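# Structural overview for review
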Amino acid sequence: MRALNLLHYPGLARQNRVFHRWWSGLAGLLLGSALAWGSQQWQAVQTARLLQEQSHLKEALAVRTQQTQESVQLQTRSRLQAEQLGQLEQIAQHQQAWVSLHEALHKEGHGLRLQRLQAEAEKIEMQGTMARFDAMTETRQNLSDQLDQTLGLTSITVGPGESVSFVWQAHWPAANGALKTPRSLTPALKP
């Protein structure tokens, strides 16, 4: 048989169990609350850090986007300036070619009279008259040498006396494209 121990009396044992349950429940509640509060504080710190990092990244993205836009604008401006410079160079070459042709025609004598001068897509055509046939050949050769373009005889008509009507043609690359203006370079008309 078991010895009677008043310390382990059934009512006292039950009271000890209830006290132990309340104490362990309260300790669990406090520990759980402390852990939840700590976790919430850690999440708040992490959230604040992530928000700050996000704002820095947004600022960096905005700066990079602005730099990209400025770079694109600079490249566009540079490309347009290069196109304009190319156009100006073509116009200068075109004008120089016309000045050279004009000077060469004025230097030639021999009764050269130019009646029509037409320049179109990479060719130039000159129609005129000369006093003598032999002077026409010499003049055509002199003009070809001065202009670095071979003037080809496409038509010849001998008129009354010794006068000769002729049509000369030459390859004329300066006439092609010098007057063309790309759409991006034409100024917009303002009403």
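Further up the page is the structure itself.
Every value quoted in this text rests on a predicted model; they were computed, and no experiment measured them.

Our next topic: the overall build of the protein. Of the regular secondary structure elements, the protein holds two helices and four strands. Secondary structure elements in the protein, listed N-terminal to C-terminal, are α-β-β-α-β-β. Long-range pairs, those at least 24 residues apart, make up 55% of the contacts in the protein between residues at least 6 apart in sequence. By element, 58% of the accessible surface of the protein is carried by carbon and sulfur atoms, the whole surface being about 15,000 Å².

Judged by side-chain polarity, Leu-26, Leu-29 and Leu-30 come together as a nonpolar surface patch covering roughly 320 Å² of accessible area. Mapped onto the elements of the fold, Leu-29 is located in helix 1 (residues 10-107). For Leu-29, a relative accessible area of 55% corresponds to the exposed category.

On to the nonpolar core, then. Ranked by size, the top nonpolar core spans 18 residues in total, and within it Leu-101 and Trp-168 carry the most contacts. Look past the residues within four positions of Leu-101 in its chain and what remains in contact with it is Leu-117, Ile-124, Met-126, Leu-147 and Trp-172.

Turning next to the pairing of strand 4 (residues 164-171). In terms of strand pairing, strand 2 (residues 123-130) meets strand 4 through eight bridges, oriented antiparallel. Its bridge partner lying in strand 4, Glu-125 is registered against Gln-169. The pairing of strand 3 (residues 152-158) with strand 4 spans six bridges and is antiparallel. Residue pairing for strand 4: Ser-155 is matched across the bridge by Val-167. Taken together, strand 3 and the strand that follows it, strand 4, pair antiparallel across an intervening segment of five residues, in which Gly-161 is found at a positive phi of about 75°.

The antiparallel open sheet is built from four strands, whose spatial order is 1-2-4-3. Sheet topology places strand 1 (113-120) and strand 3 at the edges, where each strand pairs with a single neighbour. Across this sheet, the average inter-strand angle for adjacent strands is 10°, counted without regard to direction. Here helix 2 (residues 133-147) sits on the sheet in contact with strand 2, strand 3 and strand 4, set at roughly 15° to strand 4.

Taken as a whole and judged by the stated rule, the model has three salt bridges. Between Arg-49 and Glu-53 there is a salt bridge; the shortest N-O distance is 3.4 Å. Placement of both Arg-49 and Glu-53 in helix 1 is noted, with a separation of four residues, approximately one turn of the helix. A residue is classified by how much of its surface remains accessible, and Arg-49, at 42% relative accessible area, is partly exposed.

This part covers the packing of aromatic side chains. This model, assessed by the stated rule, comprises one aromatic pair. Considering the side-chain rings of Phe-166 and Trp-168, the 4.0 Å spacing of their centres and the 25° angle between planes classify their relative orientation as stacked. The buried category is assigned to Phe-166, whose relative accessible area is 1%. Here Trp-168 falls in the buried class, since its relative accessible area comes to 0%.

Cut-offs and rules
Residues numbered from 1 in each chain as written. Predicted model: local features only at pLDDT ≥ 70, side-chain atom pairs only at ≥ 80, totals over all residues. Heavy atoms only, no water. Helix = DSSP H or I, 4+ residues; strand = E, 2+ residues; numbered from the N terminus. Contact = heavy atoms within 4.5 Å. Areas by Shrake-Rupley, 256 points an atom, 1.4 Å probe, with all protein chains shown as cover. Patch = residues over 30% accessible without salt bridge, like charges linked within 9 Å, V, L, I, M, F, W, Y side chains within 5 Å. Salt bridge = Lys/Arg side-chain N within 4 Å of Asp/Glu carboxyl O. Buried < 20%, exposed > 50% of the residue type's maximum accessible area, 1.4 Å probe, protein only. Core = buried A, V, L, I, M, F, W, Y, C linked by side-chain atoms within 4.5 Å. Pairing = 2+ DSSP bridges. Axes fitted to C-alpha atoms, helices over the stretch in contact; angles between N-to-C directions. Phe/Tyr/Trp six-rings, centres within 6.5 Å; stacked < 30°, edge-to-face > 60°.

Taken by themselves, the reported measurements are silent on function.
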